[in-house]
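# Secondary and tertiary structure notes
Chain residues, written in single-letter form:
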Amino acid sequence: MESTKGPQPCPLLLFTLLFLFLNSRTMQAENQELELLLSFKSSLNDPSKYLSNWNTSATFCNWLGITCTNSSHISVIQLSGKNMSGKISSFIFHLPYIQTVDLSSNQLSGKLPDDIFFSSSLRYLNLSNNNFTGPIPSGSVPLLETLDLSNNMLSGKIPQEIGSFWSLKFLDLGGNVLAGEIPPSIAKLKSLQVFTLASNRLVGQIPRELGQMRSLKLIYLGYNNLSGEIPTEIGQLISLNHLNLVYNNLIGQIPTSLGNLTDLQYLFLYQNKLTGPIPKSIFGLTKLISLDLSDNFLSGEIPELIIKLKNLEILHLFSNNLTGKIPVALSTLPRLQVLQLWSNKLSGEIPNDLGKHNNLTVLDLSTNSLAGRIPEGLCSSGNLFKLILFSNSLEGEIPKSLSACKSLQRIRLQENGLSGELPSEFTKLPLVYFLDISANKLLGRIDTRKWEMPSLQMLRLARNSFLGGLPDSFGSDNLENLDLSHNQFSGAIPDKFGRLSDLMQLNLSKNKLSGEIPDDLSSCEKLVSLDLSQNKLSGQIPASFSEMPVLGQLDLSHNELSGEVPANLGKEESLVQLNISHNHFHGGLPSTGAFLAINASAVTGNNLCGGDKTSGLPPCRRMKSPLWWFYVACSLGALVLLSLVAFGFVFIRGKRNSELKRVENEDGTWELLFFNSKASKSIAIEDIIISMKEENLISRGKKGASYKGKSITNNTQFILRKTNDVNSIPPSEVAELGKLQHPNVVKLFGLCRSNKGTYVVHEYIDGKKLSEVLRNLSWERRQQIAIGIAKALRFLHCYCSPTVLVGYMSPEKIIIDGKDEPHLIASLPGLLCVDDTKCFISSAYAAPETRETKDISERSDMYGFGLVLIELLTGKCPADAEFGEHGSIVKWARYCYSDCHLDVWIDPMMRGNASINQNEMVETMNVALQCTATEPTARPSANEVSKTLESALKTSSCVLGLKFPSSLF
């Protein structure tokens, strides 16, 4: 039977059509991803050119930071730490297959895109350590496992929708300015393991619903304003190994339910208002490594149950109201390294075996009521480097075993009842840099023993019963503070003390020292405070004391000094406190600054005269015999003759150096006026004209252009700044500025004028503007810069007549040389703004009153300096676009200073060492906020700021209102 067949489709044709269809879809998807990536790139500023290969010459799967899946679709964007800035666009969140986006540790700013949670495929999102502002957008990505928005400036409340991120395992919103309460919906995140909201402005109670999040391993809610009690439900989180609720306002007792957290390794509850005893259940947490309950109001005793914590390495219970004895059980904890129980009400003796079976590195039991002897075995581990036992009632001798503790670096045993002589090897500890054994009952000679302490910086032996002579050396060239006062030392002050080049404070008062004051002491050029009072010193005040550059306090009272007071003593601006009372001085008081308005109590008990009314001294009188009159007449005649000769010389030389010279050339008539003789001889009109070429252009702005020039004759370099107004600079006023000489102020060489404009010539500093280098500077280098600028302002404000104002203080006017020394460019009269006052008034560095009245003053300069300090500390510029709800950098800084942890506001560049330098950083921010006070009269003077910064940064003093462990000092 014959069959009939119709036409059959060709399989090859079907396959071809299907292939073309799928390939076109793939190409469309790839083109879409390419366009989204290029759009994302266009929104970024990429100074380091990391995205230079993001172009169509290569497939995007080979671009830096891009990872593709096997199907050639983008799955990962990894651009962490690439120094990129700009506002983030939403394009990358529309990539259809994106799973990971990491843009952390850049300088990105602006608000987060509203559709940041658009992609349903996203698993990992990290935007931490940027400068994002505004609220966290609403939305949900059910499959997202990691969300890290920490260390930005995000504000507003935590969205209630946070509970719909079902798959989250890691959530970090810390280091922002989030406000409001923690939403209870957070408890819906059943898979969450790491939960961090630290360093925000959160208020209210910790939600009890947290007890439902059984997968949690870490909770960090510290540095907020949370209140109420710690929920007992937290005791249900049996997987928890890290609980941190520090720096809040939590009250009540520590829940006993925390004893259920058998996996807990770290428990931090310090800086709250917790009361009652430490629950005994806490001592059943046998996996605890670190326990910190300090700075609360806890009471009761430390139980012997602590013997169970065999894994404990750090125990901080300081600053509470704990009573009773230190438990002997602490001696049995084999891994214990840090034990700090200071500032409690502990009594009894230190356990005799403490240290023998531990691994102690830090021991601070200061400010208690401990008695008995210091145990011999404290340094049995060989690792103890801090021993802090001051302000107790300890007695007996210093243990000889401490002399063999070569790891010791810091020893504070002052204000006890220790007796006897120093152990023979105690003065040979190689690493000790701070030794304070003052206010005890120690005795014996210290000059007959060998001092070999090469690291020693601070030595205090005051208020003991040491006797004999002073040693020539303490075995260290690094001594900064030496206090031997209130003893029975006798003999002369060693000449070799003058070799202590780093010495800043020397106190030898209330001893029995005799002989003359060594002239060599003036070699201690860093000496700030010198107290030799209440001894038996004789002779005269060394004339070289007048040359000590930073000496601020000098007390020579109650000695047997004689002669006249050196005429130049007090000429250095630094000397502000001086006492020479109760000696045998005679003659008139010097007319230097230190003696102006000196208090009568500081000069009484001598045979002195002169001074103003405050000195309480009679006016000086001189015999007026005929011989005396003849002598005076001859002297005056000679003086007049010399003055006329000198005046003629100066006049002629001044005319030669400061005369307004005119030079004719093809460019017209040039007028040159130099204030510096060297510049006058070195820089010719040809040098000026040659420098005004485009290749020498440094910058151009509203105020004119700046050029770098060089003298043809001797290669003297200079900067030529052109202004746009020929009549903007009065030469008579600028002439005074030409005389200014200070290492931190850029020297003004002169002025040049022609039909083309007016030019300012000043010295060339081989360096860069502060604004260009700030981001790469360490804290130590920023310290040096801050002090240098303060010194420049003090000079301009306090030692120039009339006062010289900076007018427009900004990092653009500060040049940093190769040694990190700042050089401030002082404004010239008429040049605060060339166009009109608007350019300065609108400056982000202008003081509030300057914006209103257009007036500038010393106080407005200090406001600008305060802003520069804030920028040095935070890395943020006052002109930055947004500071969240605070509106300005000053309000933001005030909030951060009072309510935030240091890590929130310090420049990320310095966060690594912030804990080491936190005292100095906080003190500097305190100064900055004083300088930026709204009321001008509330701002400190340049003189006050300079002294405060130098003192704070030299001594790392504790900041008023902040509490740090005593072992830091």
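Counting restarts for each chain: residues are numbered from 1 in the order of the written sequence. Where local features are concerned, this predicted model is filtered to residues with pLDDT of at least 70; where side-chain atom pairs are given and counted, the filter is 80 or more; whole-chain, interface and lining totals use all residues. Side-chain numbers here rest on the full set of heavy atoms in the structure, without hydrogens or water.

## Quick look at the pairing of strand β20 (residues 273-276)
Pairing between strand β18 (residues 249-253) and β20: 3 bridges, direction parallel. Each bridged residue has a counterpart across the sheet, and for I251 the counterpart in β20 is K273. Examined bridge by bridge, β20 and strand β22 (residues 297-298) share 2 bridges and lie parallel to one another. By the bridge assignment, T275 is partnered in β22 with F297. Two strands make a pair as long as DSSP finds a minimum of two bridges between them. Counting from the N terminus, the helices are DSSP H or I runs at least four residues long and the strands are E runs at least two residues long.

## Quick word on the pattern of salt bridges
Put simply, a salt bridge is a Lys or Arg side-chain nitrogen that is within 4 Å of an Asp or Glu carboxyl oxygen. Tallied over the entire structure, the rule returns 13 salt bridges. Between E547 and K571 there is a salt bridge, and its shortest N-O distance comes to 3.0 Å. Note that E547 is positioned in the loop between β42 (536-539) and β43 (553-555) and K571 in the loop between β44 (560-563) and β45 (577-579), a separation of 24 residues in sequence. D907 serves as the salt-bridge partner of R782, at 3.0 Å between the closest nitrogen and oxygen. Placement of the pair is R782 in helix α7 (residues 779-798) and D907 in the loop between α12 (902-905) and α13 (914-931), with a sequence separation of 125 residues. For every residue, the accessible area obtained with a 1.4 Å probe (protein chains only) is divided by the maximum for its type, and the residue is called buried under 20%, exposed over 50%, and partly exposed between those limits. Given a relative accessible area of 0%, D907 falls into the buried group.

## Regarding the packing of aromatic side chains
Stacked, tilted and edge-to-face are the three classes assigned to paired rings of Phe, Tyr and Trp, where Trp is represented by its six-membered ring and a pair needs centres within 6.5 Å; plane angles under 30 degrees give stacked, over 60 edge-to-face, the rest tilted. Under the defined criterion, the tally for this structure stands at 12 aromatic pairs. Considering the side-chain rings of F117 and F165, the 5.1 Å spacing of their centres and the 80 degrees angle between planes classify their relative orientation as edge-to-face. Pair noted here: F117 is in the loop between β6 (107-111) and β7 (124-126) and F165 is in the loop between β10 (153-154) and β11 (170-172), with a separation of 48 residues, a long-range link. Under the relative-accessibility criterion, F117 is labelled buried at 9%. Pairing Y266 with F268 gives two aromatic rings, centres 6.3 Å apart and planes at 50 degrees, and the pair type is tilted.

## Regarding α7
Here, expected helix span is obtained from the residue count minus one, scaled by 1.5 Å. Along its 20 residues, α7 runs 28 Å from first to last C-alpha, staying within 8% of the 28 Å computed at 1.5 Å per residue. Buried residues dominate α7, accounting for 15 of its 20 residues.

## A word on the sheet that holds β20
An order of β16-β18-β20-β22 is seen for the 4 strands of this open sheet, with the pairing classed as parallel. In this open sheet, the two strands that pair with only one neighbour each are β16 (227-229) and β22.

## A closer look at the packing of α7 against helix α10 (residues 858-874)
Here an axis means a line fitted to C-alpha atoms, over the contact stretch when the element is a helix, while the angle between two N-to-C directions is reported on a 0 to 180 degree scale. Where α7 meets α10, the axes come as close as 11 Å, and the angle between the chain directions of the two elements is 175 degrees. Relative to α10, the element α7 is oriented roughly antiparallel. Mapping the contact onto sequence places W779, R782, I785, A786, I789, A790, L793 and H797 in α7 and E858, D861, M862, F865, V868, L869, E871, L872 and L873 in α10. Partitioning the contact of α7 with α10 into residue classes produces 12 nonpolar, 1 polar and 4 charged. Reported orientations rely on four angle classes, namely roughly parallel under 35 degrees, roughly antiparallel over 145, roughly perpendicular from 65 to 115, and oblique for the rest. The criterion used for residue contact is that any of the two residues' heavy atoms lie within 4.5 Å. Ten residue types, Ala, Val, Leu, Ile, Met, Phe, Trp, Tyr, Cys and Pro, are classed as nonpolar, four, Asp, Glu, Lys and Arg, as charged, and the remainder, Gly among them, as polar.

## So, the environment of I66
Checked against the element boundaries, I66 lands in strand β2 (residues 66-68). On the basis of relative accessible area, I66 is assigned to the buried category, the value being 7%. Considered as a pair, I66 and V101 are 35 residues apart in the sequence and their alpha carbons are 9.8 Å apart. Setting aside anything within four residues of it in sequence, one finds I66 in contact with L37, W54, F60, C61, I74, V76 and I77.

## Observations concerning the environment of I856
Within the secondary structure layout, I856 lies in the loop between α9 (848-853) and α10. With a relative accessible area of 25%, I856 lands in the partly exposed category. When the C-alpha positions of I856 and L805 are compared, they lie 7.8 Å apart, and in sequence the two are 51 residues distant.

## Side note on unusual backbone geometry
Phi at N83 is positive, roughly 60 degrees, even though this residue is not glycine. Of note, N83 is situated in the loop between β3 (74-78) and β4 (85-87). Within the chain, N129 stands out as a residue other than glycine whose phi angle is a positive 55 degrees. You can see N129 is positioned in the loop between β7 and β8 (131-134).

## Focus on the confidence of the model for the protein
On a range of 0 to 100, pLDDT expresses the predictor's confidence in each residue. Of all residues in the protein, 84% have pLDDT values of 70 or greater, and the mean over the chain is 83. Counting contacts from residues 1-6, a segment whose pLDDT is below 50, to residues more than four positions away or on other chains yields 0 contacts. Counting contacts from residues 16-27, a segment whose pLDDT is below 50, to residues more than four positions away or on other chains yields 0 contacts.

## A short note on the sheet that holds β44
The strands making up a sheet associate through hydrogen bonds between their backbones, and the pairing can be parallel or antiparallel. Across the sheet, 10 strands lie side by side as β30-β32-β34-β36-β38-β40-β42-β44-β46-β47; this open sheet has parallel pairing. Among the strands making up the open sheet, the edge pair consists of β30 (395-396) and β47 (607-609). Of the pairings in the sheet, the one linking β44 to strand β46 (residues 584-588) comprises 2 bridges and is parallel in character. From the neighbouring strand, G563 faces β46, where its bridge partner is F585.

## Points about α10
Given a rise of 1.5 Å per residue, 17 residues ought to cover 24 Å, and the 25 Å separating the end C-alpha atoms of α10 matches this to within 8%. α10 sits mainly inside the fold: 15 of its 17 residues count as buried. G875 lies just past α10 and shows a positive phi near 75 degrees.

## A closer look at the pairing of strand β54 (residues 757-763)
In terms of burial, β54 is largely enclosed, as 7 of its 7 residues are buried. In terms of strand pairing, strand β53 (residues 748-754) meets β54 through 6 bridges, oriented antiparallel. Bridge pairing in β54 places L751 opposite V760. Linkage of β53 to β54, two consecutive antiparallel strands, is achieved through a turn of 2 residues.

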